Amino acid sequence: MAVLAFDTLKAANRLKEAGFDDKQAQELVSTFAEGVGENIATKHDIERLESKIEALGQKMTIKLGSLMVAGVAFLALLDRLFPPA
């Protein structure tokens, strides 16, 4: 799991300077750190996703090529079975 580098003390102090009381600042920073820390994509997550997308693109290219070859073969078969008059 990814670890979010977030200075909670510094953030809480900034909130207190902005007018929050101590309890409000601590709760807000704690909630933020917990919520965001669980939902941040790391560089590794993004690289893994990129490799999956690339593999999917390669599979789609192969399938499209196969479909085109099958289509041309089918048209050639139709041309032989039903030659133009």
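Cut-offs and rules
Residues numbered from 1 in each chain as written. Predicted model: local features only at pLDDT ≥ 70, side-chain atom pairs only at ≥ 80, totals over all residues. Heavy atoms only, no water. Helix = DSSP H or I, 4+ residues; strand = E, 2+ residues; numbered from the N terminus. Rg over C-alpha atoms; globule rule 2.2 N^0.38 Å. Buried < 20%, exposed > 50% of the residue type's maximum accessible area, 1.4 Å probe, protein only. Arc of directions from axis to C-beta. Polar contact = N/O pair within 3.5 Å; in protein donor to acceptor, adjacent residues only side chain to side chain. Salt bridge = Lys/Arg side-chain N within 4 Å of Asp/Glu carboxyl O. Core = buried A, V, L, I, M, F, W, Y, C linked by side-chain atoms within 4.5 Å. Contact = heavy atoms within 4.5 Å. pLDDT = per-residue confidence, 0-100. Patch = residues over 30% accessible without salt bridge, like charges linked within 9 Å, V, L, I, M, F, W, Y side chains within 5 Å. Areas by Shrake-Rupley, 256 points an atom, 1.4 Å probe, with all protein chains shown as cover.

1. Looking at the overall build of the protein
Looking only at helices and strands, the protein features three helices and zero strands. In the protein, the succession of α and β elements from N to C terminus is α-α-α. Against the globule reference of 12 Å for 85 residues, the protein gives a C-alpha radius of gyration of 29 Å, more extended than a compact globule. Looking at the protein residue by residue over its 85 residues, the buried ones come to 7%.

2. Describing helix H1 (residues 8-17)
Residues of H1 that are buried: Ala11, Ala12 and Leu15. When H1 is viewed along its axis, its buried side chains cluster within an angular range of 100 degrees and face the same direction. Facing away from the buried surface of H1 by more than 90 degrees, the exposed residues are Leu9, Lys10, Arg14 and Glu17. Capping of H1 at its N-terminal end is provided by Asp7; its side-chain oxygen lies 3.3 Å from the backbone amide nitrogen of Leu9. At the exit of H1 stands Gly19, carrying a positive phi of roughly 115 degrees.

3. Some remarks on the pattern of salt bridges
Under the defined criterion, the tally for this structure stands at two salt bridges. A salt bridge links Lys16 to Asp22; the nearest nitrogen and oxygen atoms lie 2.9 Å apart. A salt bridge links Arg48 to Asp45; the shortest N-O distance between them is 3.7 Å. Of the two residues, Arg48 and Asp45 are both situated in helix H3 (residues 43-81); the distance of three residues between them amounts to about one turn of the helix.

4. Some thoughts on the nonpolar core
Judged by nonpolar contacts, Ala11, Ala12, Leu15, Ala25 and Val29 together constitute the single largest core of five residues. Sorting the residues of this core by element identifies H1 and helix H2 (22-37) as the ones contributing at least two each. Top contributing element to this core by residue count: H1, with three residues. Filtering out sequence-adjacent residues up to four positions away, Ala12 remains in contact with Ala25 and Val29.

5. Brief notes about the confidence of the model for the protein
Per-chain confidence: the protein averages 89 in pLDDT, with 92% of residues scoring 70 or above. Model confidence for the protein, summarised as mean pLDDT per element, is weakest for H2 at 86 and strongest for H3 at 95.

6. What about a nonpolar patch on the surface?
On the surface, Phe74, Leu75, Leu77, Leu78, Leu81 and Phe82 cluster together to form a nonpolar patch covering roughly 630 Å² of accessible area. Structurally, Leu77 is set in helix H3. The partly exposed category is assigned to Leu77, whose relative accessible area is 44%.

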